[in-house]
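Residues per chain, in single letters:
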Amino acid sequence: VPIGALAVGLLAVPWVTGSPAPPFALAPAPEAPDERPPLVLIVLDTMRADHLSIYGYERATDPEIARFAAAATVFEQVLSPGDMTLSSHASMFTGEFPVRHGAHPDSGSLPLAATTLAEHLRDAGYATVGISSNCGWIGGTHGVSQGFDYYDARCARSPFKHRGPVFLGDRVTASVRTWLFPDHTSWEWRDAGDIAVEALAALDALAERRAPFFLFLNFMDVHAPIHPPEPYFSMFPRSAERFDPTWGFGEFRELVRRGEPVPPEALEYIAATYDGAMAYADHHVGRVLGRLRELGLHDAAAIAVASDHGEGFGDNDVFGHGSSVRHAVTRVPLILKLPGQREGRRVATPVSTADLFPTFLEVAGLRVPDGVGGVRPR
């Protein structure tokens, strides 16, 4: 090992080990039994619907979600109200569309005047817990944490986190990160394994209270930069063993602007890596769903697996997200299991992820506020 690399690696050790999760504490459970159903919302950040086998994709990227979907409702035509994380999560949490809730990149947060799903549920006696990998857009300062008794949206343990163009530039950061730690999922955010560990501990604590709860989870593994651990990194074939990490969607957009072709091996590499990361996230989503079954909560719960937005891989010359409302970016998955549901359904009627807000409120036995944009699908 070169001395320089060893020295830099040792300097990075404190950042690698990081710190444990914040203390997990909830209010005491009510004395009288409360049989209202648990509510669970799992968001796979940046997951496009057409890269899941339950939506016809040829690769088995989602065996655990497919198992869940077999006894749930798969909505076939789902549009996200936003093309980026903050606006779309704000819609899920308020039932409103971005033009009304006001959470977008320019505002930077959901206004405090908004009343979120977690606030409605907490005020009605639900314990509310949020664990998010996306610290950049739905962290503690972005307004979406309103109403959560416990909300953990820490960033990854990285000396390069969110330094981007300020710290050596995106290209140098990506190169150094890949050079030192080629098999690390991401240095930008906590990976699915970290989120699942905390989620399992939260479920154990929530089950002991024997009271209703709302659990929100956000997984970021298919959001660029993507590098799932083995064996998921090599799960799907690609012609190139490695792809220059200094390249990204910005470079692809510039090629399109100049009328030049994007290297096909680059697109193939990105799709294969994305699919491997999806399979990695799916595995850990399966752990969460499995724990719900072990605790005897799965049947009684309302559980939704969804995404906030997709990702463009050159579809209609769209790369990434946040700049287009094409279907590659706004068509997302939504699989919903209602309490007591044991048979699978498929619904072709178009729906929105903003519809999750009234759905969860109604399942909890609460009144949906007048004038809300989202409508519970039937």
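Residues numbered from 1 in each chain as written. Predicted model: local features only at pLDDT ≥ 70, side-chain atom pairs only at ≥ 80, totals over all residues. Heavy atoms only, no water.

1. Re the state of the cysteines
Put plainly, a disulfide is one covalent bond tying together the sulfur atoms of two cysteines. Scanning the entire structure with this criterion turns up one disulfide. Here cysteine 135 engages in a disulfide with cysteine 155; their sulfurs sit 2.0 Å apart. Measuring the twist about the S-S bond at about 110°, one finds the cysteine 135-cysteine 155 disulfide to be right-handed. Taken as a pair, cysteine 135 in the loop between β4 (127–132) and β5 (150–152) and cysteine 155 in the loop between β5 and α6 (169–180) lie far apart in primary sequence, 20 residues in all. (Disulfide = S-S within 2.5 Å. Helix = DSSP H or I, 4+ residues; strand = E, 2+ residues; numbered from the N terminus.)

2. Re the pattern of salt bridges
In the structure shown here, the tally under the stated rule is 15 salt bridges. Arginine 100 is paired through a salt bridge with glutamate 96; the nearest N and O atoms lie 3.6 Å apart. For arginine 100, a relative accessible area of 57% translates into the label exposed. Given the relative accessible area of 14%, glutamate 96 is considered buried. Linking arginine 190 and glutamate 198 is a salt bridge whose minimum nitrogen-to-oxygen distance equals 2.8 Å. Glutamate 198 sits in the buried class, given a relative accessible area of 9%. Among the charged side chains, a network of salt bridges with common partners joins Asp152, Arg154, Arg190 and Glu198. (Salt bridge = Lys/Arg side-chain N within 4 Å of Asp/Glu carboxyl O. Buried < 20%, exposed > 50% of the residue type's maximum accessible area, 1.4 Å probe, protein only.)

3. Topic: the pairing of strand β1 (residues 39–44)
Across the six residues that make up β1, a large majority, six, are buried. Side chains Leu39, Leu41 and Val43 of β1 all project onto a buried face; the interleaved residues Val40, Ile42 and Leu44 project onto the opposite face, where all are buried too. Note: β1 against strand β6 (residues 213–219), six bridges, orientation parallel. Pairing of valine 43 across the sheet is with asparagine 218, part of β6. In this sheet, strand β7 (residues 302–306) lies alongside β1 in parallel orientation, the contact comprising five bridges. Of the residues in β7, the one forming a bridge with valine 40 is isoleucine 303. (Pairing = 2+ DSSP bridges.)

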